[in-house]
Amino acid sequence: MSAVPLRLDNTLETPGERAPLVLGDSSLAAITEQICEIAERPRPSRGWLLAFGVSASLTAVLFAMIGYLVWTGIGVWGVNQPVAWGFAIINFVFWVGIGHAGTLISAILFLFRQKWRTSINRFAEAMTIFAVMCAGLFPAIHVGRPWFEYWLAPLPNQMQMWPNFRSPLLWDVFAVSTYFTVSLMFWYMGMVPDLATLRDRATSKIRQIAYGIASLGWRGSGRHWHRYERAYLLLAALATPLVLSVHSVVSFDFAVSQLPGWHATIFPPYFVAGAIFSGFAMVLTLLIPVRRIFKLESLITPRHLDNMAKIILATGSMVGYSYIIEFFIAWYSGNPYESFTFLNRALGPYAWSYWIMFTCNAIIPQLLWFKRFRQSPWLLLVISIFVNIGMWFERFVIVVTSLSRDFLPSSWGFYVPTWVDILTLLGSFGLFFTFFLLFLRYLPIVAMAEVKSVVPAAGLELGPHRGHGQYWGEIPHQHDEEEGR
Amino acid sequence: MGLGADGMNASAGGRRVATRYWRSLQELVDSPQFRKRMEEEFPGLAAELDNPATAATRRSFLKVMAASLALAGLTACRWPKERIMPFAYRPEGYVPGVPQNFATALELGGAALGVLVKSVDGRPIKIEGNPLHPSSLGAATAWAQAAVLELYDPERSTTLVRREGGQRRVPTWDDFLAYAGAQMAAFESRRGRGFAVLSEATSSPTVQGLRDALLTRLPEARWYEFEPVSRDAERTGLAQVYGTPLRARFHMHRAQVIVALDSDLLYGHPEALRHAREWGLARRGEDGAMPRLHAAEALLSVTGAAADHRLALPAGSIAALLLQIAAEVARGGVALPTGVGSLSPFAAGSPEADFAARAARDLLRAGQRGLVVVGPGQPADVHAVVAALNDALGAVGWTVTYVADPDPGRGPHLEAIGELAAGLAEGSVEALWVLGGNPAWDAPAELEFAQRLAACQQTLHLSLYDNETSRLCRWHLPRAHALESWGDVRAWDGTVSVVQPLIEPLYGGRTPAEVLAALLGESAFSAYDLTRRSFAARWGSGEDPWRQALSDGVVKGTAWSALAPRLSVEAVAEAAARLAVPPARGRELVLYADGKVYDGRFANSGWLQELPDPITTLTWDNAATLAPEDAKELGVKHGEVVRLTHAGRSVEAPVCVMPGQARGVVGLALGYGRQAGGSVAAGAGVNAYPLRTAAAPHVLAGAEVQRTGRRRLLATAQEHHVIDTLGMAERGRRVGSLIREASLSEYQRYPEFAKNPAWTNARPLWRKIQFKGEHQWGMAIDLSACIGCGACTIACQAENNIPVVGRKQVANGREMHWIRVDRYFAGDPSDPQVRFQPMPCQHCENAPCEAVCPVAATLHSEEGLNQMVYNRCVGTRYCSNNCPYKVRRFNFFNNFAKVPATTRMVFNPEVTVRGRGVMEKCTFCIQRIEAGKIAAKNQRRPLRDGEIVPACAQTCPTKAIVFGDLKDPDSEVSRLHRHPRAYGILEELFTKPRTLYLAKLTNPADVAGEGEASS
């Protein structure tokens, strides 16, 4: 691949002129080469091996912890009475939140015709899938008798028992599993043309067969593209409400209960904003090093980072607003339990966690008002990591502080995580990164076909009816191929 | 395996090796571990191995093994051989699987508590009070209820043990009989000189008869009685003024004013259950009257918590306060003996003077309906003056009655043990038989009783456990548990009960009577025959009186009659003169009997260790309690270990900061820190006995407290961690609405004070749920009556197979009790008011737990019960999160995995033993509800009110808990639900609890002194 000749600042908004979405050598062949090369390296780099070794070890730790848990009982965790939910639920909500960015980028930005999404959507969607996988793990292991978990599914059974449809936990089961299914389909379907490219470029039999199977016989015919575009659009339309619903439903786990600090109508929008916030932060956390390591700066440009930073700023401000309004409502409602819960959050024994949360989520992202912070990848990385930490603590604050001091002071308690809790959390990161590293190694990490539709060569500048998802009757790529561009 | 090393030790020990062959087996036999295992597994064989005549060869080993195997089929049965036979005819009244109740009695410190024991197919599983028994009236203390767990304790002594020359051998009962005969023969020739018996306090007429027989045959033998926790000061004090030892009995329901000085008469008294019942019934204010309680005490007690006026005062100043009260009474015109009533140690305007003035004013007004009580920790002189005060008020015969002491000839316990220790030291006691008790551990420290005992060559200890004393004695005999034995005991008031066994002795133990009979060479070496003989001689021969006694659990008309003793004015004056010295200065250490493990004898009971202390809510530990100001002054925090030093002896104990404790006082419970108490007792608390001397058994003046800087995690059932100011303030704000209370006069003016019209009249958004069941169960808990003793918690634990989780889990908030007793403090931390609130599942009609369970494992029955379906529960714990009362309990582990097979016999077969990963909670004792319904249906009659009683309500000493059918408008519970004092806790959440609380009534004197303590 040719070197990027000049650093063009595509973050300036020049009236009357579109800033290029992709910089550098944006010929279609160069893009193909650049992306496929990553997945086609004969052997992984030392850094990758090291990272994979660490992640896989942590994954092994995760499964060891799960084994220990299932063998011994929930008591190996720090949960108690009254704090009956602990790290498992915190981690679940945290990972589900992370899992919001991908589908938001793929589906909502697609419908809003935000073409800059093409460079990052594959990546973000992959992250979503892995995050939701990590998330799904926790409700499964957090119950007392995981071997009866299937009772939560509405399966016909000899007991003639349905699950309790009034329980938000059941809604969770539906919401998360639907979200995961749709996200997976969306991700995989969007990847099919790129997988076919990898298949076509494969030099070994194994790769040929593997990518061949995975690409489902894609030939790039006009009819294929047509079906593909239609299906993509439909899935985007299907996924869009799910982005909003899944975290709303997760928030119902708390909001539907009557615990002070949980029982709040603000929870659904607040959770969705928080989820997008944390999801984008995680995308940035992963993207900035990857972009550098795989030299994708021309595809994932400062403009992309800038856009994401703006979304983080927006959602972060919403989250910060929620934090403040919660206090207002607690006071304004006149509910003494609620008032105490919030005072206790800010000043009680868990105040440190509250202030970590508040600083990381409501204060630090405000730096993104400054362009310098939005465009300096490393500053942005630091901020995004803070946001990740803050969002984990947000869930900690919600789950633990509310439970530890509820109505009757006689039953107040204190929660301290055990080493099993902490290793399980670390292990879930191991699982996430294991999948993620495998994705980096074997799959097209940027949606080549989609990026090609927004490069100058695609003729996006020539008129409105160009590009992926732009004109739903035409099949633009077909012509590109024929004309040999 | 370390076999080689052991083998070498064995060779070095120079034991004779019978043959060259099997050398390794010989070594194996000689290794201590193997020897120990042998004794556990083949007790007889271990003795065989020690017998030089049949020194274990391979051949003899195999012979013994073969014989054991052949006999295994027989010996494995718990029942003795002669009883194994099928029922040809079913015994009358016995239906397999249907529980039967037997009346028996349990004895503690020489006073009996009559109980009914529920037995299922020959297995006693639950102990309840015997309503016919005057000390029980149907209630049972925590320790009495836990006796059934003690019965099944696998760590109880299972064999006889002989310890000689560092060897531990397992003799048989025949060996013991031979030894007893030899002892008798040896000492009879010397008229018993050098022979002594040390008995724990016992009221058994049979044992007393045998004692008399023994002392007739061995006139110079000595019989000592010792209890570490005793009421001898009261006995001595009464003897001082009445000339003969007397026993005082208090009648709370007749009292209008009670002044309790360092006395826990509602909790720490042989008749505490009766006191609590009388107190609980009198304190409801139903007829516009209730007694008023003034309490002055060093440590916050259950009685102090119930008081209307409480003064925190060092125990050493109680005498001064008493004199001050007496002076005020005398000033009121009541004639008191000279020397009493002339001294006012406290300056006017001090809190002590105010307290005394107020108490005296009430006492004067009450006259003979006044009552002054003083605790056993106070010196005899205080008791003497109190007796004079009661006498002057005219209370004797009315609120206090005196009965004769059953054994007027015996000396005080502390003197007896001192005499014995001296005898051992100078060699005048050559042989000592210890029947019960644990003197090596709990005798006064300066006597160095353990060393003296170890030095004695002929010692024998009969005990439930192979404990500290047993290990120093040459012989140890396993004692039969009270539930395994025949016997007879007397209650505090003298009422006789026959103790009958519920089960054959699990480990072949014998009773003290049997051991004495063996010593006397009685042909009837059987507790049954001894008891029967003794009974026939005293209370009528023939079957009828015997059977009646067994059936009732009491022998009617055997209570001692009240005496009208004559007070010696001179003695009172002398006692008062001795008291008229200023109390000792300096920090005071108060040692007290624990409410759960008592003097330490119940330390191996998981139920009792895990029962939260009513006041500190501590489990599995005792602690040095300190007033908050003292803790601040010393710079120590809750849980910090301090060294307590008194007279050169010291122990280290963690600090528990207790509001309401007197300044300058450190409290420490006895009974913890057992060295050989069993695996449950191990590591629980610190041993306070090393500080305790005969001169200062309860109140140790001039103690020092030093910081050590170390910490110990204290497992409290409430406030699992030290609470911050913010939480403390909020708790203070909430208590008022959780526990509603008013004084009696306020209640009379505003009967509906407990109702909150905003919530009782508010209309919910949703339609009220209609329950169609034939019965609608509900509960009412009267906070006026509840004294917070925690008997309900143990009753529930026994009834519902509630697991014990251990100190670590309690510290992490994972205790499993279905009914807890919440304790709150209100007001000034230095003079707090204490409030208790029993908290079972509220069985909300609109239960928040039910809506959130994803698998519908918790549901409502048509009879209004919130039910938990264990085998449907997957364990999401969401229900617990959504329960505003936090009464749900989760099995974080398999809590029964490590319960030994013997202990599993205590399980109630009618209640599921819950597995790990499921939620559980109070069921309102649904098994009892169903049993009651079935019984009524079989008899084709409607259920009667009060027929179904949950375990907590059954055992409640104050009858604070009432259960019944709300659909029956005439039921007691319906009446209480309609009561003006009834309110639902957290009613603003519209959970519609089926458990209502009756607001607490107090009866303080008005500030102006206008408040009438009326009755």
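Residues numbered from 1 in each chain as written. Chains lettered and ligands numbered in written order. Predicted model: local features only at pLDDT ≥ 70, side-chain atom pairs only at ≥ 80, totals over all residues.

### Observations concerning the overall build of chain A
Convention followed: For the purposes of this entry, the term helix denotes a DSSP run of H or I that reaches at least four residues, the term strand denotes a run of E that reaches at least two, and both are numbered from the N terminus. Put plainly, a residue is buried at 20 or more neighbouring C-beta atoms within 10 Å of its own, exposed at 12 or fewer, and partly exposed in between, counting only other residues' C-beta atoms, which are placed from the backbone. Here, residue contact means that the backbone-derived C-beta atoms of the two residues sit within 7 Å.
Each helix and strand in chain A was counted, giving 17 helices and zero strands. Buried positions account for 52% of the 485 residues belonging to chain A. Pairs at least 24 residues apart make up 80% of the contacts formed inside chain A by residues separated by at least 6 positions.

### What about the overall build of chain B?
For chain B, the count of helices and strands is 34 helices and 39 strands. Within the span of chain B, comprising 1015 residues, buried residues form 57% of the whole. Across chain B, contacts joining residues at least 24 apart in sequence account for 74% of those joining residues at least 6 apart.

### What to know about the confidence of the model for chain B
Residue and element names in this part refer to chain B. Put simply, the test is: Per-residue confidence from the prediction method is given by pLDDT, with values spanning 0 to 100.
Within chain B, residue pLDDT values average 86, and 90% of them lie at 70 or more. Below a pLDDT of 50 lies the segment residues 1-28, which in the model reaches 18 contacts outside its immediate sequence neighbourhood of four places, other chains included. A low-confidence stretch, residues 72-82 (pLDDT under 50), is modelled with seven contacts involving residues beyond four sequence positions or located in other chains. In the predicted complex, the global pTM is 0.87; the interface-specific ipTM is 0.90.

### What about the interface of chain A and chain B?
Heads up, the rule is: Gly is put with the polar residues, along with every residue not named as nonpolar or charged; the nonpolar set is Ala, Val, Leu, Ile, Met, Phe, Trp, Tyr, Cys and Pro, and the charged set is Asp, Glu, Lys and Arg.
In this complex, chain A contributes 44 residues to the contact, which on the side of chain B involves 43 residues. Breaking the side of chain A that touches chain B down by element, the ones donating at least two residues are α6 (168-201) and α11 (336-347) of chain A. Per-element tally for the side of chain A that touches chain B: the top contributor is α11 of chain A, with four residues. Looking at the side of chain A that touches chain B residue by residue, the classes come out as 24 nonpolar, 15 polar and five charged.

### Looking at the domain arrangement of chain B
Residues and elements named next belong to chain B. Operational definition: The domain limits used here are those given by an automatic or database domain assignment.
Assigned domains of chain B: these are domain 1 (3-62), domain 2 (161-230 + 412-481 + 511-529), domain 3 (232-404), domain 4 (584-716) and domain 5 (725-759 + 775-1002). Across the contact, 14 residues belong to domain 3 and 19 residues belong to domain 4. Each residue belonging to the side of domain 3 that touches domain 4 can be placed in one class, and the counts come to ten nonpolar, four polar and no charged.

### Re the packing of helix α10 (residues 302-332) of chain A against helix α14 (residues 377-404) of chain A
Residues and elements named next belong to chain A. As a reminder, the rule being used: Between N-to-C directions, angles span 0 to 180 degrees; the directions come from axes that are lines fitted to C-alpha atoms, helices contributing only their stretch in contact. Throughout, the term roughly parallel applies to angles under 35 degrees, roughly antiparallel to angles over 145, roughly perpendicular to angles from 65 to 115, and oblique to all others. In this scheme the crossing of two helices becomes right-handed for a clockwise turn of the near helix relative to the far one and left-handed for an anticlockwise turn of less than a right angle.
One can describe the packing of α10 onto α14 by two numbers: an axis separation of 12 Å at closest approach and a directional angle of 30°. Classified by the interaxial angle, the pair formed by α10 and α14 is roughly parallel. You can see that α10 and α14 cross each other, and the crossing is left-handed. Within the contact between the two elements, α10 uses Leu305, Ala309, Ile312 and Gly316 and α14 uses Pro377, Leu380 and Val387. Looking at the contact of α10 with α14 residue by residue, the class counts come to six nonpolar, one polar and no charged.

### Description of the packing of helix α13 (residues 318-331) of chain B against helix α15 (residues 380-393) of chain B
Residues and elements named next belong to chain B. Relative to each other, α13 and α15 sit at 20°, their axes nearing to 10 Å. Regarding the angle of α13 to α15, the classification is roughly parallel. Considering how the two elements wind past one another, α13 and α15 form a crossing that is left-handed. Across the interface between the two elements, Ile318, Ala319, Leu322, Ala326 and Val329 from α13 touch Val382, Val385, Val386 and Leu389 from α15. A breakdown of the residues in the contact of α13 with α15 according to their chemical character gives nine nonpolar, no polar and no charged.

### Some words on unusual backbone geometry
In this structure, the amide linkage connecting Gln81 of chain A to the following residue, Pro82 of chain A, adopts the cis form with an omega of 10°. Its identity is not glycine, yet Ala647 of chain B carries a phi of approximately 50°, on the positive side. Tracing the backbone through its elements, the reader meets Ala647 of chain B in the loop between β22 (640-646) and β23 (649-657). A positive phi angle, near 55°, is found at Lys992 of chain B, a position not held by glycine.

### Focus on helix α28 (residues 791-799) of chain B
All names here are of chain B. In terms of burial, α28 is a largely internal element, nine of the nine residues being buried. The complete set of buried residues in α28 reads Ala791, Cys792, Thr793, Ile794, Ala795, Cys796, Gln797, Ala798 and Glu799. After α28 finishes, the residue Asn801 shows a positive phi value of roughly 50°.

### Some details on the confidence of the model for chain A
Chain-level pLDDT for chain A is 86 on average; 89% of the residues reach the 70-or-more range. Under a pLDDT of 50 for its full length, residues 1-7 of chain A has, in the predicted model, eleven contacts with residues more than four places off or in other chains.

### Thoughts on the sheet that holds strand β29 (residues 777-782) of chain B
Residue and element names in this part refer to chain B. How we decide: Strands qualify as paired when DSSP identifies two bridges or more between them.
With mixed pairing, the four strands of this open sheet are ordered in space as β36-β29-β38-β37. Strands at the two margins of the open sheet, each flanked by one partner only, are β36 (961-965) and β37 (982-983). Bridge count between β29 and strand β38 (residues 995-998): four bridges; the pairing is parallel. Within β38, the residue paired with Ala780 across the bridge is Leu996.

### As for the sheet that holds strand β26 (residues 704-711) of chain B
All names here are of chain B. Read across the sheet, seven strands follow the order β25-β19-β24-β21-β23-β22-β26 without closing on themselves; strand pairing throughout is mixed. Looking at the sheet topology across the chains shown, the edges are occupied by β25 (699-701) and β26. Averaged over all pairs of adjacent strands, the angle between strand axes in this sheet comes to 30°, irrespective of strand direction. Examined bridge by bridge, strand β21 (residues 624-626) and β23 share three bridges and lie parallel to one another. The partner of Thr625 across the bridge, within β23, is Cys656.

### Describing the environment of Ser167 of chain A
Summarising the element assignment, Ser167 of chain A is placed in the loop between α5 (121-142) and α6. With 81 residues separating them in the primary sequence, Ser167 of chain A and Ser248 of chain A have C-alpha atoms 14 Å apart. Apart from the residues within four sequence positions on either side, Ser167 of chain A is in contact with Ala851, Val852, Cys853 and Pro854 of chain B.

### Comments concerning the nonpolar core
How we decide: As used here, a nonpolar core is made of buried Ala, Val, Leu, Ile, Met, Phe, Trp, Tyr and Cys residues. They are joined through C-beta atoms within 7 Å.
One finds Met127 and Val283 of chain A together with Leu322, Ala326, Val385 and Leu644 of chain B to be the most contacted residues of the largest nonpolar core, which totals 450 residues. Broken down by element, the residue count for this core peaks at 16 residues, all from helix α9 (residues 267-293) of chain A. Beyond its immediate sequence surroundings of up to four residues, Leu644 of chain B is in contact with Leu589, Ala624, Ser650, Val651, Ala653, Val666, Leu668, Leu691, Ala703 and Val705 of chain B.

### Looking at the pairing of strand β8 (residues 246-250) of chain B
All names here are of chain B. With five of five residues buried, β8 is to be regarded as a mostly interior element. Burial of the side chains of β8 extends over both faces: Leu246, Ala248 and Phe250 are buried on one face and Arg247 and Arg249 on the other. Of the pairings in the sheet, the one linking β8 to strand β13 (residues 400-404) comprises five bridges and is antiparallel in character. In the sheet register, Arg249 faces β13, and the bridge partner there is Thr401.

### A look at the pairing of β29 of chain B
Residues and elements named next belong to chain B. Burial within β29 is extensive, with six of its six residues counted as buried. The two faces of β29 match: Trp777, Met779 and Ile781 on one face and Gly778, Ala780 and Asp782 on the other face are all buried. With five bridges joining them, β29 and β36 adopt antiparallel strand pairing. Looking at β36, one finds that Ala780 is bridged to Val962.

### Points about the environment of Thr401 of chain B
Residues and elements named next belong to chain B. Relative to the helices and strands, Thr401 resides in strand β13. Taking the C-alpha atoms as reference points, Thr401 and Ser204, 197 residues apart in sequence, are found 23 Å from one another. When neighbours within four sequence positions are excluded, Thr401 is seen to be in contact with Arg249 and Ala562.

### Observations concerning helix α20 (residues 527-539) of chain B
Residue and element names in this part refer to chain B. This is how the line gets drawn: By this rule the span expected of a helix is its residue count minus one, scaled by 1.5 Å. The arc in question is the one traced by the directions running from the helix axis out to the C-beta atoms.
Compared with the 18 Å implied by 1.5 Å per residue over 13 residues, the 17 Å span of α20 between its first and last C-alpha is a close match. When α20 is considered as a whole, its buried residues turn out to be Ala527, Leu530, Thr531, Ser534 and Phe535. Taken down its axis, α20 places every buried residue within 125° of arc, on the same side. At its buried positions, α20 is contacted by α9 (205-217), β17 (487-490), β18 (496-499), α19 (512-520) and α21 (543-552). Taken from the residues just after α20, Gly540 is the one with a positive phi, measuring 110°.

### Brief notes about the environment of Ala562 of chain B
Residue and element names in this part refer to chain B. In this fold, Ala562 is placed in the loop between α21 and α22 (569-579). In this structure the C-alpha to C-alpha distance between Ala562 and Leu363, which are 199 residues apart in sequence, comes to 23 Å. Not counting chain neighbours up to four residues away, the residues in contact with Ala562 comprise Gly397, Thr401, Tyr402 and Val403.

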